[in-house]
Amino acid sequence: MIVVKSSAELERMRCSGRMVAEVLQLLREKIAPGVTTLELDRFAENKCKKWKAKPAFKGYGGFPYTICASPNDRVVHGFPNSEPLLDGDIISIDFGLIYDGFFGDSAVTIAVGEVDPKTRKLLDVTRQSLEDGIAAALVGARLSDISQAVQVCAEAHGYGVVREFVGHGIGRALHEDPQIPNYGTAGNGPQLKPGMTLAIEPMINAGTPAVKVLEDGWTAVTLDGGMSAHFEHTIAVTEGGPEILTKL
Ligand code: MG
Ligand code: MG
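Below is a short write-up of the structure. (Residues numbered from 1 in each chain as written. Chains lettered and ligands numbered in written order. Predicted model: local features only at pLDDT ≥ 70, side-chain atom pairs only at ≥ 80, totals over all residues. Heavy atoms only, no water.)

1. Thoughts on the packing of helix α3 (residues 117-135) against helix α4 (residues 143-156)
- Axis separation between α3 and α4 bottoms out at 8 Å; the angle between their running directions is 155°. In terms of orientation, α3 and α4 fall into the roughly antiparallel class. The element α3 and its partner α4 pack so that their crossing is right-handed. Taken together, the residues of α4 that come into contact with α3 (itself represented by Val 125, Gln 128, Ser 129, Asp 132 and Gly 133) are Ile 146, Ala 149, Val 150, Cys 153 and Ala 154. (Axes fitted to C-alpha atoms, helices over the stretch in contact; angles between N-to-C directions. Helix = DSSP H or I, 4+ residues; strand = E, 2+ residues; numbered from the N terminus. Parallel < 35°, antiparallel > 145°, perpendicular 65-115°, else oblique. Left-handed = near helix turned anticlockwise from the far one by under 90°. Contact = heavy atoms within 4.5 Å.)

Structure follows, in structure tokens:
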């Protein structure tokens, strides 16, 4: 069942969304060659403590950290660690929190120092595929309109759309109905209504779509060893069009 939020609930989700966006912005400013993802994790956790918010991922299904940190060929759900980031790396940071009863969830992939033009393009196209997906989240549209918009954008550049992980409804729970695949044919699935809140999150590989999960049981990597990018926003479907909640 898809939970439609009242305007008072949407206001609370705007608040948690802004908090998520602020943490991600602060993390973005810290990212540079030599920084470790464990430092970023501690920073994000401390921010949550200071704001009396709860990290969304820590303890979720046993996930041990506040952020997911997935460099280069890591797709999603990577563990922060003490290896310094290197010039030319890309790093996907996924972060969520719950505040005042509502979750926000967002992810960005960031270039560390100077990345090569091919990798830069992967980031640009993945961000664009998220924007295209969001633009399709209109009142009266179907859920798979979002999926198709993401897929068309990514595949137009020859990239692989990851199938194993999907976006999701979000609100009082981190993962609510519906699941939102990043591939599909428009015109299918539930009709979008004002007050639906969705986390749209394309995971796009430079090469083939195939992924595998490492022995830690969490970290997903590309099977072909190519780069992977991940962008995510929590949005609300409104009469005035899609509203991004995880923004400053
Ligand atoms: Mg996320
Ligand atoms: Mg998510």
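2. A short note on the coordination of the magnesium ion (ligand 1)
- At 2.0 to 2.6 Å from the magnesium ion (ligand 1) lie its protein donor atoms, namely Asp 94 (OD), Asp 94 (OD), Asp 105 (OD) and Glu 232 (OE).
- Read in sequence order, the donor residues coordinating the magnesium ion (ligand 1) give the pattern D-x10-D-x126-E.
- A separation of 3.1 Å is found between the magnesium ion (ligand 1) and the magnesium ion (ligand 2), which are bridged by Asp 105. Pair noted here: Asp 94 is in strand β4 (residues 90-99) and Glu 232 is in the loop between β13 (228-230) and β14 (233-236), with a separation of 138 residues, a long-range link. No difference in accessibility class separates Asp 94 from Glu 232, as the two residues are buried. (Donors = N, O, S within 2.8 Å, 3.2 Å for Na, K, Ca; no water. Buried < 20%, exposed > 50% of the residue type's maximum accessible area, 1.4 Å probe, protein only.)

3. Structural notes on the pattern of salt bridges
- Evaluation of the coordinates by the stated rule reveals eight salt bridges.
- Between Lys 5 and Glu 176 there is a salt bridge whose closest N-O contact spans 2.7 Å. Placement of Lys 5 in the segment before α1 (7-30) and of Glu 176 in strand β8 (residues 176-180) is noted, with a sequence separation of 171 residues between them.
- Accessibility expressed as a relative area gives 13% for Glu 176, which makes it buried.
- For Glu 11, the salt bridge identified is with Arg 14, shortest N-O distance 2.7 Å. Note that Glu 11 and Arg 14 are positioned in helix α1 at a spacing of three residues, about one turn of the helix. (Salt bridge = Lys/Arg side-chain N within 4 Å of Asp/Glu carboxyl O.)

4. Section: the sheet that holds strand β3 (residues 74-76)
- The strand order β3-β12-β11 describes an open sheet built from three strands, whose pairing is antiparallel. Since the sheet does not close on itself, it has two edges, and those belong to β3 and β11 (211-213), each with one partner. Each strand axis lies, on average, 40° off the axis of its neighbour in the sheet, ignoring direction.
- In this sheet, strand β12 (residues 220-222) lies alongside β11 in antiparallel orientation, the contact comprising three bridges. When the sheet's bridge partners are listed, Val 211 is paired in β12 with Thr 222. (Pairing = 2+ DSSP bridges.)

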